[in-house]
Amino acid sequence: MPSSEMSEYLVLTAMGSDRTGCVSELTKLASACECNIIDSRMAIFGQEFTFIMLLNGSAKAIYQIETKLPTIAVKLDLITMMKRTSGYQAQDFTKHYEVSYAGIDQPGILKSVTAFFAARKIDISSLKSETNPETNQMRASIHIALTEGTSIEEIENEFFQLCQLIDVHGTITKADSNLI
């Protein structure tokens, strides 16, 4: 991409039935439109999949994918959303942690845990939660990143108190990155 052209960013989300080839078609479209895939995530939920990409490219490239995606979405029977955004900005995060908890599933547990981090202005960079419907056991893994001045010891103590309150077993361990 010529340096005189301003780089633009687009978050693209696609959801549909889990069929072989959908992700390949979406990444092929991004490439054909001369967009770079900066980040992407995919998850399967039952018989459905969700795919999210952060793309960047020239104004022409982003416009091209915005124009061509609806046709591909209809062909693949996908629901899609797009949103222009600013680019990825590196944060001053120096320490990454994985927060895990497990126990009997009860309404409000995930809400309590995410509210715990929000109240402390700690961003959640990824979250995975699942429940076994046969045993009613749930478990979750959340990745957080902290700045140099944040005390993990204080967060751990308060998190363990929350775990006792909501009756789950929790752990916090150092992680190499903020991705699950």
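That block above? That's the structure.
In this report, we go over the structure that sits alongside the text. (Residues numbered from 1 in each chain as written. Predicted model: local features only at pLDDT ≥ 70, side-chain atom pairs only at ≥ 80, totals over all residues. Heavy atoms only, no water.)

Let's talk about the environment of Gly170
Residue position: Gly170 is located in strand β8 (residues 169-175). For Gly170, a relative accessible area of 13% translates into the label buried. Remark: the alpha-carbon pair of Gly170 and Arg139, spanning 31 residues in sequence, is separated by 9.5 Å. (Helix = DSSP H or I, 4+ residues; strand = E, 2+ residues; numbered from the N terminus. Buried < 20%, exposed > 50% of the residue type's maximum accessible area, 1.4 Å probe, protein only.)

Considerations on the packing of aromatic side chains
Scanning the entire structure with this criterion turns up four aromatic pairs. Pairing Phe116 with Phe117 gives two aromatic rings, centres 4.9 Å apart and planes at 85°, and the pair type is edge-to-face. In this structure, Phe116 and Phe117 share a single accessibility class: buried. Each member of the aromatic cluster is reached from another via a ring pair, and the members are Phe116, Phe117, Phe159 and Phe160. Here Lys174 stacks its cationic end above the ring of Tyr97, 5.3 Å away from the centre of that ring. (Phe/Tyr/Trp six-rings, centres within 6.5 Å; stacked < 30°, edge-to-face > 60°. Lys NZ or Arg CZ within 6 Å of the ring centre and 35° of its normal.)

Re the pairing of strand β1 (residues 8-17)
As judged from the ten bridges shared by β1 and strand β3 (residues 48-57), these two strands associate in the antiparallel manner. Bridging from a neighbouring strand, Leu12 pairs with Met53 of β3. As paired elements, β1 and strand β4 (residues 78-85) share eight bridges and run antiparallel to each other. Each bridged residue has a counterpart across the sheet, and for Tyr9 the counterpart in β4 is Thr85. (Pairing = 2+ DSSP bridges.)

Regarding the pattern of salt bridges
One pass over the structure, following the stated rule, counts seven salt bridges. Within this structure, Glu8, Glu66 and Arg84 form a network of salt bridges that share partners. (Salt bridge = Lys/Arg side-chain N within 4 Å of Asp/Glu carboxyl O.)

Points about the packing of helix α3 (residues 109-119) against helix α4 (residues 152-166)
Two elements in contact, α3 and α4, have axes whose closest approach is 11 Å; the angle formed by their N-to-C orientations is 160°. Judged on the interaxial angle alone, α4 and α3 are roughly antiparallel. Crossing angle aside, the handedness with which α3 passes α4 is right-handed. Between α3 and α4, the residues in contact are Ile109, Ser112, Val113, Phe116 and Phe117 and Ile155, Glu158, Phe159, Leu162 and Ile166, respectively. Its residues placed into classes, the contact of α3 with α4 shows eight nonpolar, one polar and one charged. (Axes fitted to C-alpha atoms, helices over the stretch in contact; angles between N-to-C directions. Parallel < 35°, antiparallel > 145°, perpendicular 65-115°, else oblique. Left-handed = near helix turned anticlockwise from the far one by under 90°. Contact = heavy atoms within 4.5 Å. Nonpolar A, V, L, I, M, F, W, Y, C, P; charged D, E, K, R; others polar.)

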